[in-house]
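Secondary and tertiary structure notes
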Amino acid sequence: EAGVAQSPRYKIIEKRQSVAFWCNPISGHATLYWYQQILGQGPKLLIQFQNNGVVDDSQLPKDRFSAERLKGVDSTLKIQPAKLEDSAVYLCASGGTGYGANVLTFGAGSRLTVL
Amino acid sequence: AQTVTQSQPEMSVQEAETVTLSCTYDTSENNYYLFWYKQPPSRQMILVIRQEAYKQQNATENRFSVNFQKAAKSFSLKISDSQLGDTAMYFCAFTRGGKSTFGDGTTLTVKP
């Protein structure tokens, strides 16, 4: 079974520039999550999708962050404009349905450095 | 909102010995799940062990076991016969309705 794919693995940008991260979850997984992990901290949920609908985006800074899940499969997370405090690893995770939605399979993450 | 606290930022253990990582959480819910995830250096996070809150029996996965104390809201991870490959950051997670809250992790170093 292929895992959760993320790209790019690393990205360095100047503040006020934009960046986009892509995620392809495990085939058949209905639930997709984006987490932000700042160095030395645990992952913090940004947004949760169920198929192509948003379940929870209460922690997503909507003035600069946006996310979509195309046809209930791939997802893109965008930051525009980036701030210094956005430097972090952005983790994508997927889960099944019912109980399976609680068991997360993570991708390798996309490390963002904002200068 | 749920909170998860891991009070040990760093720990070390000698190879082949046993180590216990602590985790406490705060919730008013009765039904939930608890997980331990492992994040090796520069590698992706993987599931170590899970516990359903309605189960009284502590979960065990090979060398990994938990001590789940629901009333005390405590969920510790015991690693027996530690191996060099266990060196990683370990995260405790509280999950309900598919939404997970993570602690800030414990960095475990296994020394040869």
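Above: the structure in question.
Attention in this report is confined to the structure presented alongside it. (Residues numbered from 1 in each chain as written. Chains lettered and ligands numbered in written order. Predicted model: local features only at pLDDT ≥ 70, side-chain atom pairs only at ≥ 80, totals over all residues. Heavy atoms only, no water.)

Attention now goes to the nonpolar core. If you look at the biggest cluster of nonpolar residues, it comprises 25 residues, and the most contacted ones within it are B:Tyr25, B:Trp36, B:Ile49, B:Phe75, B:Leu77 and B:Tyr90. Among the secondary structure elements, those contributing two or more residues to this core are β3 (19-21), β5 (33-39), β6 (46-52), β8 (64-69), β9 (74-79), β10 (88-96) and β12 (106-111) of chain B. Considering every element that reaches this core, the biggest residue donor is β10(B), with 4 residues. Core analysis: the second largest hydrophobic core is formed by 21 residues, A:Trp34, A:Leu46, A:Leu77 and A:Val114 among them. (Core = buried A, V, L, I, M, F, W, Y, C linked by side-chain atoms within 4.5 Å. Buried < 20%, exposed > 50% of the residue type's maximum accessible area, 1.4 Å probe, protein only. Helix = DSSP H or I, 4+ residues; strand = E, 2+ residues; numbered from the N terminus.)

The subject of this paragraph is the pattern of salt bridges. Applying the stated criterion to the full structure yields 8 salt bridges over all chains. One salt bridge connects A:Asp56 with B:Lys99, and the closest N-O pair in it is separated by 3.0 Å. Of the two residues, A:Asp56 is situated in strand β6 (residues 53-56) and B:Lys99 in strand β11 (residues 99-102); the pairing between them involves two chains. Given the relative accessible area of 34%, B:Lys99 is considered partly exposed. Between B:Asp86 and B:Arg63 there is a salt bridge, with the nearest N and O atoms lying 2.8 Å from each other. In this pair, B:Asp86 sits in the loop between β9 and β10 while B:Arg63 sits in the loop between β7 (60-61) and β8, placing the two residues 23 residues apart along the sequence. Across the pair, exposure class does not vary: B:Asp86 and B:Arg63 are buried alike. (Salt bridge = Lys/Arg side-chain N within 4 Å of Asp/Glu carboxyl O.)

On the chain B side, the residues contacting the 22 residues of chain A number 20 residues. In total, chain A and chain B occlude about 1,600 Å² of area from one another, counting both sides; carbon and sulfur atoms represent 51% of this. Three residues stand out in chain A for area buried against chain B, namely A:Tyr99, A:Asn102 and A:Phe106, and they jointly supply 35% of the buried area on that side. Linking chain A to chain B there are 2 salt bridges. With a shortest N-O distance of 3.7 Å, B:Asp104 and A:Lys44 are connected by a salt bridge. Inspection of the region where chain A meets chain B yields 7 residue pairs in polar contact (both at pLDDT 80 or more). Of all the secondary-structure elements, those providing two or more residues to the side of chain A that touches chain B are β4 (31-37) and β5 (44-50) of chain A. (Contact = heavy atoms within 4.5 Å. Buried area = accessible area lost by both parts, 1.4 Å probe. Polar contact = N/O pair within 3.5 Å; in protein donor to acceptor, adjacent residues only side chain to side chain.)

The next subject is the state of the cysteines. This structure, assessed with the given rule, holds 2 disulfides over all chains. Here A:Cys23 is linked by a disulfide to A:Cys92, with a sulfur-sulfur distance of 1.9 Å. Between A:Cys23 and A:Cys92 the sulfur-sulfur dihedral comes to about -70°; the bridge is accordingly left-handed. Note that A:Cys23 is positioned in strand β3 (residues 19-24) and A:Cys92 in strand β9 (residues 88-95), a separation of 69 residues in sequence. With relative accessibility at 0%, the residue A:Cys23 sits in the buried group. A disulfide bridge connects B:Cys23 with B:Cys92, and the sulfur atoms are separated by 2.0 Å. Here the disulfide of B:Cys23 and B:Cys92 is left-handed, its torsion about the S-S bond being about -70°. Here the residue B:Cys23 occupies a position in the loop between β3 and β4 (24-26), and B:Cys92 occupies one in strand β10, the gap between them amounting to 69 residues. Residue B:Cys23 shares its accessibility class with B:Cys92, and that shared class is buried. (Disulfide = S-S within 2.5 Å.)

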